[in-house]
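Breakdown of the fold
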Amino acid sequence: MDFYSELESRNLLPILRHLDYEPPNFIGWDKVKASLLDIVQNKKSVYFEGDYDVDGLCCSLGVQEAFKFFGVKNFHIYRFRKRMHSVDPVAVQQCIQGHYDYFFVADTGSNDLELLKKLVKHGIKVIVLDHHETEYSYSDFGDDIAIINTMIENRMGGDFALSAGALCFTVMDLLSLELGLRLPQGFAAFAVTSLFADIMSMNNELNRSLYYYGTEIPEEELPQQLLWFKSEYSKFNARYIGFWYSPRINACFRSEQFSVLNDLYFNDLTYEERLKCVDFIEHVYTVSRELVAKVSDVACAFCAQMNTFV
C-alpha cells in the first residue's frame, strides 16, 4: 500500500488539501472587540502578560507587533520573572500601581478569576485570550472581563484546536478588519510557531489554513524575532520550528534563563547585543542536550544493571 492509499484508508487524505485562511467567528468576540477598539481608538494603556513557554512568547510578540501596527503607544509587557502557568500576582500589582486602563493576559488566566476581579475592583478592565480548560463559563467573568477561551467556545458548539499564539493572531486579525485594515500576513508566523511549539492538531482545518497562510510568504516579511536561529539553508516551516526554534527557547525557559529572553525579545538592544543573546541561548541549549544525554546514559546503564538481577 502506498502513502496516499494509506492516508485514504485512515480518512486522513484531507490533511494534504490546501486551505485558504479566513478569520474565524468566536462567541466571545463582541466583548473582546469592544475592549480592543477602545484601546486603539481612545489610546488606552495596556499591561500585558504572556505565559512561560514558546506559545506564551508568541502571544506577547504577536500582540505587541499588532498594537504597533494599530498605533498603540502605551503598551507594556510584563517581563518573565518566575516560571508559572497562571496569572502572576506581581503582574497584577504592577498593573494596579501603574494605573493602566487594561490588563491583557494570554495563554493563561481562565482559571484566575479572583485575581482578575481584583483588577476590576481597581477600575482596570481585563482581556483574556486562552486555550486551556476551565471550570468557568463566559457568564462568570462579568462585564469588565472580556474573554475568548477556545475550550469554552467548544463547549458551546465550536471546533477549535488553536494554540494561544494562534488565537491571539486571529483575534488581532479580526480587529484589523474592524478597523478597515488587514494585519500583515507575516504576523501569521507567530501563530504558526505557536501551533507547532504547542503540538496542536493539524487535523483541524483552521490550524492547517493558518499554516499555509503563515509559511507562504517571503522571508523578508517574516518577523525578525522568529528568525534568530535560522541559517541560510533553512526555511521557515514546521521543521525549523520543531527542531531549531522551539528547543532553544524552551531550554531557556526550563533552565529559568529569563533575563536573556527578556533582553532578546523585549529590550532595546543593538544588533551586536542581540547576537550575544542568541549565542548564549545556543550555549544553554547545547548544555541542556548534553545533560539529557548523560541522564539517558545513566538510566540505560541502570536498566542494564537491573536486568542482570532478573
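Provided above is the structure to which this section pertains.
Attention here is on the structure that accompanies the text. (Residues numbered from 1 in each chain as written. Predicted model: local features only at pLDDT ≥ 70, side-chain atom pairs only at ≥ 80, totals over all residues. Heavy atoms only, no water.)

What follows deals with the environment of Ser176. Here Ser176 shows up in helix 7 (residues 164-178). Sequence separation of Ser176 and Ser231 is 55 residues, and the distance between their C-alpha atoms is 32 Å. In this structure, Ser176 is in contact with Phe70, Leu181, Arg182 and Leu183, ignoring residues within four places of it in sequence. Reaching out from Ser176, the side chain makes a polar contact with the backbone oxygen of Asp173 at a distance of 2.5 Å. (Helix = DSSP H or I, 4+ residues; strand = E, 2+ residues; numbered from the N terminus. Contact = heavy atoms within 4.5 Å. Polar contact = N/O pair within 3.5 Å; in protein donor to acceptor, adjacent residues only side chain to side chain.)

Turning our eyes to something else, we now look at the pattern of salt bridges. According to the stated counting rule, one finds eight salt bridges in the structure shown. Put simply, Arg81 and Asp88 hold a salt bridge, and the shortest N to O gap is 3.1 Å. Exposure remark for Arg81: the relative accessible area of 41% places this residue in the partly exposed category. Arg248 is the salt-bridge partner of Glu282, the closest N and O atoms lying 3.1 Å from each other. Linking Glu282 in helix 12 (residues 271-307) with Arg248 in helix 10 (residues 238-254), this pair joins segments that are 34 residues apart in sequence. Each of Asp30, Lys33 and Glu178 takes part in salt bridges that share partners, so that together they form one network. (Salt bridge = Lys/Arg side-chain N within 4 Å of Asp/Glu carboxyl O. Buried < 20%, exposed > 50% of the residue type's maximum accessible area, 1.4 Å probe, protein only.)

Moving on, we come to a nonpolar patch on the surface. Taken together, the side chains of Phe3, Tyr4 and Leu16 present a nonpolar region at the surface, about 340 Å² in accessible area. For Tyr4, a relative accessible area of 51% translates into the label exposed. (Patch = residues over 30% accessible without salt bridge, like charges linked within 9 Å, V, L, I, M, F, W, Y side chains within 5 Å. Areas by Shrake-Rupley, 256 points an atom, 1.4 Å probe, with all protein chains shown as cover.)

This brings us to helix 7. With 15 residues, helix 7 should cover 21 Å at 1.5 Å per step; its first-to-last C-alpha distance of 21 Å lies within 8% of that length. Positive phi shows up at Gly180, right after helix 7, with a value of about 75 degrees. (Expected span 1.5 Å × (residues − 1).)

Glancing now at the sheet that holds strand 5 (residues 145-149). The parallel open sheet is built from five strands, whose spatial order is 2-1-3-4-5. Unpaired on one side and paired on the other, strand 2 (75-77) and strand 5 mark the two borders of the sheet. Pairs of neighbouring strands in the sheet enclose a mean axial angle of 15 degrees, with direction left out of account. Packing of helix 2 (residues 29-41) onto the sheet brings it into contact with strand 1 (46-50), strand 3 (102-106), strand 4 (125-130) and strand 5, and relative to strand 5 it is tilted by some 125 degrees. (Pairing = 2+ DSSP bridges. Axes fitted to C-alpha atoms, helices over the stretch in contact; angles between N-to-C directions.)

Now for the packing of helix 7 against helix 8 (residues 188-197). Packed helices, taken two at a time, are described by the angle their axes make and the gap between the axes. Where helix 7 meets helix 8, the closest approach of the two axes is 7 Å, and the angle between their N-to-C directions is 155 degrees. By the angle between their axes, helix 7 is roughly antiparallel relative to helix 8. Handedness of the crossing formed by helix 7 with helix 8: left-handed. Facing Gly165, Ala166 and Phe169 of helix 7, the residues of helix 8 in contact are Ala188, Ala191, Ser194 and Leu195. Its residues placed into classes, the contact of helix 7 with helix 8 shows five nonpolar, two polar and no charged. (Parallel < 35°, antiparallel > 145°, perpendicular 65-115°, else oblique. Left-handed = near helix turned anticlockwise from the far one by under 90°. Nonpolar A, V, L, I, M, F, W, Y, C, P; charged D, E, K, R; others polar.)

Here we take up the packing of aromatic side chains. For the structure on display, the rule yields 26 aromatic pairs. Note on Tyr52 and Phe258: the rings are 5.4 Å apart at their centroids and 75 degrees apart in plane angle, and the pair reads as edge-to-face. Within this pair, whereas Tyr52 is found in the loop between strand 1 and helix 3 (54-70), its partner Phe258 is found in helix 11 (residues 258-266), the two being separated by 206 residues in sequence. For the pair Tyr52 and Phe258, a shared accessibility class is recorded, and that class is buried. Seen from the ring of Phe243, Arg239 lies directly overhead, with NZ or CZ sitting 5.0 Å from the centre. (Phe/Tyr/Trp six-rings, centres within 6.5 Å; stacked < 30°, edge-to-face > 60°. Lys NZ or Arg CZ within 6 Å of the ring centre and 35° of its normal.)

Our next topic: the state of the cysteines. Note on terminology: a disulfide is the covalent bond linking the sulfur atoms of two cysteines. The tally for this structure, following the rule as stated, stands at zero disulfides. Between Cys277, a cysteine without a disulfide, and Cys252, which holds the nearest cysteine sulfur, the sulfur-to-sulfur distance is 9.5 Å. Taking relative accessible area as the criterion, Cys277 reaches 9% and is therefore assigned buried. (Disulfide = S-S within 2.5 Å.)

Quick look at empty space enclosed by the protein now. Scanning all chains against the criterion turns up one cavity of 30 Å³ or more. For the largest cavity, the calculated volume is near 50 Å³. Elements with a minimum of two residues in the lining of the largest cavity: helix 3 and helix 7. No other element matches the four residues that helix 7 contributes to the lining of the largest cavity. A per-class count over the lining of the largest cavity returns eight nonpolar, two polar and no charged. (1 Å grid on protein atoms, 1.4 Å probe; cavity = no way out; pocket = protein on both sides within 12 Å on 5 of 7 lines; lining within 4 Å. Points joined across faces, edges and corners; volume = space filled by probe spheres on them.)

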